[in-house]
Amino acid sequence: MAHAFSKAGPEGWSCGKCGRKLEPVSVNVEYMGSSFFVELPGCPDCGSILIDSELAEGKMLEVEKLLEDK
Amino acid sequence: MEQSVLEQFENLCTQEALPACQSHCPLQVDGRALASLTAEGKIDEARKNLERNMPLAAISGRVCEGPCREHCLRTALDSGVNIPLLELCIVQEGRPVKPFPLPGTNKTIAVVGSGLSGLVAAYGLAMKGHKPVILTMGRPGGKLWDLSRRLMPAEVIEDGLQTLKNIKVEFLDVKTFDRADLDELTRERGGVFLAPDDPLFDFSWLPPESLVADRVTRSSNLNEKIFLGPDRHEKTFLEAVSAGKKAALSLDRLFQGVNPATAREKEMTGPTRLRVDLGGREPIKEMEPKEPTAPDKDEAKAEAARCLRCACLACLPPCPLLRGRKGYPKKYAREFYNNIITAFGIRHSNRHINSCTECGLCAQLCPNGANLGQFVAKAKIEMVKTSHMPVSAHEFALEDQVFSNSDEAAFIRLQPGSTTSAALFFPGCQLSGASPEGVLDLYRHLMAHLPGGVGLWAGCCGAPGRWSGRRRLTDKTVATMAEVWKKSGSPTVILACPSCARFFEAELPDIPILGLWPVLEKLALPERAVPLAEPLVVHDPCAARLDMESQTSLRRLMEKLGQALLEPPMSGRKTLCCGYGGLVSEAVPEMGRQFVQERLSGCQEPILAWCSVCRDRFRAEGRGALHPIDLLFPQAPPQAVMTEEPPGISAKREGRRFFKIKALTDIFGEAVEETKTMGLNVDVPGSVLRDMESRRILMTDVMAVLENAAKNGPSFINQETGRRLANLRPRQVTYWVEYDERQDGSILVHRAWCHRMETPGAPGERKESPASEEGFARTGGRV
Ligand code: SF4
Ligand code: SF4
Ligand code: SF4
């Protein structure tokens, strides 16, 4: 599953608080009592994670639906 | 869910009942399958199929007299399909199936007589592994030898006898057979079968009534071990085959210690429950083969093509769910039931269950009134109860219901200036959200014309909760409504929305209700009412398919107005659903579109829909559509309104808020406090809004994200484009908004999206209150 979400961060974004450029950060994502680690673009300082629309409406939606049917 | 619920439904859908040919065949030969396979040229497969039900098919298939023919449904058109002709071809041309008997037992059976019934009984017993011995007087075969050699060549009989020997049937030549012989056999053998269809055996020493067998088991009154072949009234070869087959099964059961009489209903011939629509079928002349005893494959094919492939398809064609997959209601109900009781793995049918609009059309088309929608409603309740309803499926509609019943939108007032009301007008959340001004004018009209005072009751009846299987939420809604109604003096409630009407009928049976159209029909036409110059196709909402009174009143009212109407192909009792029923358009939007398309494909003209959801769904597909109030209480020329983009989810919420404020201030003369906002100046282009709507993101969701960002700063900034990105998880959904801050401080929204997964570690992703037991957490009443 870890691979499913991995993707390079969208171009040009940096953290609104820390100003740092986003890097792949390993985060725990959770839904319907299932959780797993994935790499997502995030702020190396504060850990804010960016989930872009492509991910939210693509792979992530697919997994959400799957977990809901479990 | 109790299994009996499934069984009850299964009993209603008779799609799996046997075709008439099979139900009238004493061997249960499947004429429909034989005809299908033969027509496709699959003679070997047809033979396999035939041998499953017909023992010693090489012989039996040549002598079957075809008692099915007079019951075949084709008799209503021309003449019954000639199944015996097919059988003849199949046993002559099809590859024989090699018999594989079960492992041997030590049961020996005496078969007395070697006519066809004896041969068949011995065959059946040997196949079960038992040891039959056929007593014969001279050459075995009985009357088979009397048939024409053309139809029954000697080698076919010889081959049949050889087949029996191959499966270890013994033959014993005897000279005489009498009472003492019978007694001895009965004592020594596991069982006895008397086959009086062998003319060489004389059983006249037995009383005639002892030779009459039980119709199903072929048992006799002589001894529980003695079974009988055909009696003197059973003269056909097929009756002989049937008697031998049944007796072999009974004896096998006897050996297994099972009562031969139990569960034999399937072997009884009789009428079938299968209903077939013969509409549009043309007569076709029966095939007459050149050589009647040896029809060739092409001749058999031609005759097979006459078979109607009897099946019940009555309910399938107009329903996208039923016709979409290879099945029929009985099969789907079983599938849905298994989906519910499954303990592990993915529940693949969730989507299909949530694709039924509960519109009840199937029940109107089914000869037995089977209503898959009712079954689905029960299935959904069970899914919610066991926490297996996908949480996102109906979430938005449920939140909408809660919003509509919150202080922001709900209220109830008696007619201004009166202390009692004879009636309460309940416009419903959808109509008052979509057409608030029109509804207010309608209310003014009712106040002006109805005696005794009319109150106004704004809110959502609770249909979404009911459609989504949330029993607890529904019970709570119902209890609140009953209380509110009582406090208002228990008046009659006038309902504008057909779905509300069904909800009140089912959940609040004590509340007397009236449909809006029967009420309006009796009043003077509103002053500003205008007809449209062109005729409108009248669409009856599916919730009102049985509400004949409203259907008629609406039509009469339109006639009074001078509005020309057209009837669509499916209307009234058989009307089609727009796809919102059962919240299908919420849970499975693609399916919702198939339903609306099904309705639209039947007509080209603009539509008059007396449910505002239907109206707006038609408009969203680009079809002109109006609600009767658009003509009766127009706010703009109907011609122009008809093709406008329909109000979306944000506009409808706004409409409900507006409806309350407007009603309270303009009609009831109350002061209403303005809700405070941060006063952000936000610009959302139409295309962005449409995108948001399809994701069920409200303007208020976007505003919450932006207000949070205004206080705490955006989460991300794009160094190249200067755009900002903010996110917020106010409940089980995280919302994202990408925007620009303009020089003048206003905000231009570029995109908004959302997801349900959370990243609990990340800042800004605060964990919200857990989902309620009913599976959805957020409540209305937020800005
Ligand atoms: S039409 Fe075909 S399926 Fe129907 S009863 Fe006749 S043979 Fe059987
Ligand atoms: S109409 Fe539909 S539900 Fe009724 S028996 Fe036929 S297939 Fe079954
Ligand atoms: S959508 Fe309507 S017609 Fe189709 S199965 Fe459901 S209740 Fe029956």
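Residues numbered from 1 in each chain as written. Chains lettered and ligands numbered in written order. Predicted model: local features only at pLDDT ≥ 70, side-chain atom pairs only at ≥ 80, totals over all residues. Heavy atoms only, no water.

Engineer: Looking at this structure, how should I read the overall build of chain B?
Structural biologist: The secondary structure content of chain B amounts to 32 helices and 19 strands. Taken over C-alpha atoms, the radius of gyration comes to 37 Å for chain B, far larger than the 28 Å a tight globule of 783 residues would show. The proportion of buried residues among the 783 residues of chain B is 57%. When contacts within chain B are restricted to residue pairs at least 6 apart in sequence, those whose partners lie at least 24 apart make up 72%. Put simply, chain B shows about 33,600 Å² of open surface, and 52% of that area lies on carbon and sulfur atoms. The positive charge centre, built from 99 side chains, and the negative charge centre, built from 98, are 2 Å apart in chain B. (Helix = DSSP H or I, 4+ residues; strand = E, 2+ residues; numbered from the N terminus. Rg over C-alpha atoms; globule rule 2.2 N^0.38 Å. Buried < 20%, exposed > 50% of the residue type's maximum accessible area, 1.4 Å probe, protein only. Contact = heavy atoms within 4.5 Å. Areas by Shrake-Rupley, 256 points an atom, 1.4 Å probe, with all protein chains shown as cover. Lys, Arg positive; Asp, Glu negative; His and termini not counted. Charge placed at Lys NZ, Arg CZ, Asp CG, Glu CD.)

Engineer: Please clarify how the site of ligand 1 should be interpreted in this entry.
Structural biologist: The environment of ligand 1 is made up of Pro19(B), Cys21(B), Arg32(B), Cys72(B), Leu73(B), Val81(B), Ile83(B), Cys307(B), Leu308(B) and Cys310(B). By residue class, the composition of the shell around ligand 1 is 9 nonpolar, no polar and 1 charged. (Near = heavy atom within 4 Å. Nonpolar A, V, L, I, M, F, W, Y, C, P; charged D, E, K, R; others polar.)

Engineer: Please clarify how the site of ligand 2 should be interpreted in this entry.
Structural biologist: Near ligand 2, the surroundings consist of Cys13(B), Thr14(B), Gln15(B), Cys312(B), Ala314(B), Cys315(B), Pro329(B), Cys366(B), Pro367(B), Asn368(B) and Ala370(B). For the shell around ligand 2, the residue count by class is 8 nonpolar, 3 polar and no charged.

Engineer: Looking at this structure, I do not really get the interface of chain B and chain A. What am I missing?
Structural biologist: Bring the parts together and some accessible area is lost; that lost area is often taken as the interface size. With 33 residues of chain B at the interface, the matching set in chain A holds 35 residues. Taking both sides of the interface into account, the surface hidden between chain B and chain A amounts to around 2,900 Å²; carbon and sulfur atoms contribute 57%. A per-residue breakdown of the area chain B buries against chain A is headed by Phe716(B), Met757(B) and Thr759(B), which together make up 24% of the total. Taken together, the connections running from chain B to chain A amount to 2 salt bridges. Arg695(B) is the partner of Glu57(A) in a salt bridge, and the nearest nitrogen-oxygen pair spans 2.6 Å. Between the two partners, chain B and chain A, sit 14 residue pairs in polar contact (both at pLDDT 80 or more). Among the secondary structure elements, those contributing two or more residues to the side of chain B that touches chain A are β16 (716-718), β17 (724-728), β18 (734-741) and β19 (747-755) of chain B. (Buried area = accessible area lost by both parts, 1.4 Å probe. Salt bridge = Lys/Arg side-chain N within 4 Å of Asp/Glu carboxyl O. Polar contact = N/O pair within 3.5 Å; in protein donor to acceptor, adjacent residues only side chain to side chain.)

Engineer: Sorry if this is basic, but what is going on with helix α7 (residues 116-127) of chain B here?
Structural biologist: Count 3.6 residues to each turn of an α-helix, and residues three or four apart come out pointing the same way. The first and last C-alpha atoms of α7(B) sit 16 Å apart over 12 residues, in line with the 16 Å expected at 1.5 Å per residue. Turning to α7(B), its buried residues number three or more, namely Leu116(B), Ser117(B), Gly118(B), Leu119(B), Val120(B), Ala121(B), Ala122(B), Tyr123(B), Leu125(B) and Ala126(B). (Expected span 1.5 Å × (residues − 1).)

Engineer: What am I meant to see in the nonpolar core here?
Structural biologist: Most often, soluble globular proteins have nonpolar side chains that are buried together. All names here are of chain B. One finds Leu50, Leu86, Leu116, Leu144 and Met152 to be the most contacted residues of the largest nonpolar core, which totals 62 residues. Those residues within four positions of Leu116 in sequence are excluded, and the remaining contacts are Ile59, Val63, Leu144, Asp197, Phe237, Ala240 and Val241. Listed in part, the 44 residues of the second largest apolar core include Tyr443, Met447, Val519 and Ile629. (Core = buried A, V, L, I, M, F, W, Y, C linked by side-chain atoms within 4.5 Å.)

Engineer: Got a minute to help me understand the environment of Ser220(B) in this structure?
Structural biologist: All names here are of chain B. If you trace the backbone, Ser220 turns up in the loop between β4 (191-194) and β5 (226-228). Filtering out sequence-adjacent residues up to four positions away, Ser220 remains in contact with Ser210, Ile226 and Leu228. In terms of polar contacts, Ser220 uses its side chain to reach the backbone amide nitrogen of Leu222, at 3.2 Å. Here Ile226 takes part through its backbone oxygen, which lies 2.9 Å from a polar atom of the side chain of Ser220.

Engineer: It is not clear to me how the packing of aromatic side chains should be interpreted in this structure. Could you clarify?
Structural biologist: For any two aromatic rings, the description comes down to two numbers: the centre-to-centre distance and the angle of the planes. Residue and element names in this part refer to chain B. A full pass over the atoms with the stated rule returns 16 aromatic pairs over all chains. Measuring from centroid to centroid gives 5.1 Å for Phe426 and Trp457, while their planes differ by 85°, and the two rings are edge-to-face. In this pair, Phe426 sits in strand β7 (residues 423-426) while Trp457 sits in strand β8 (residues 454-458), placing the two residues 31 residues apart along the sequence. Like Trp457, Phe426 is buried. Taken together, the ring pairs connect Phe177, Phe201, Phe203 and Trp205 into an aromatic cluster. Geometry around Trp145 places Arg139 over its ring, the cationic atom sitting 3.8 Å from the centre. One residue, Lys165, lies across the ring of Phe171, its end atom 5.4 Å from the ring centre. (Phe/Tyr/Trp six-rings, centres within 6.5 Å; stacked < 30°, edge-to-face > 60°. Lys NZ or Arg CZ within 6 Å of the ring centre and 35° of its normal.)

Engineer: Could you clarify how one ought to interpret the side chain of Ser404(B) in this entry?
Structural biologist: Residues and elements named next belong to chain B. Examined against the element boundaries, Ser404 turns out to sit in helix α17 (residues 395-404). Engagement of the side chain of Ser404 in a polar contact is seen with the side chain of Arg656, the distance being 3.3 Å. Among residues more than four places away in sequence, those in contact with Ser404 are Ala409, Ala410, Cys429, Gly459, Cys460 and Arg656.

Engineer: Would you mind showing me how to read the domain arrangement of chain B here?
Structural biologist: Residues and elements named next belong to chain B. When the domains of chain B are assigned, the result is domain 1 (108-267), domain 2 (418-453 + 473-649) and domain 3 (682-773). Relative placement of domain 2 and domain 3: their C-alpha centres are 35 Å apart. Taken together, the 5 residues of domain 2 in the interface contact 5 residues of domain 3. A combined buried area of about 470 Å² lies between domain 2 and domain 3, and 47% of that area is made up of carbon and sulfur atoms. Of all residues in domain 2, the largest losses of buried area upon contact with domain 3 belong to Glu586, Glu645 and Ile649, amounting jointly to 87% of the total for that side. Connecting domain 2 to domain 3 are 2 salt bridges. Between the two partners, domain 2 and domain 3, sit 3 residue pairs in polar contact (both at pLDDT 80 or more). In terms of residue class, the side of domain 2 that touches domain 3 is built from 1 nonpolar, 2 polar and 2 charged. (Domains from an automatic or database assignment.)

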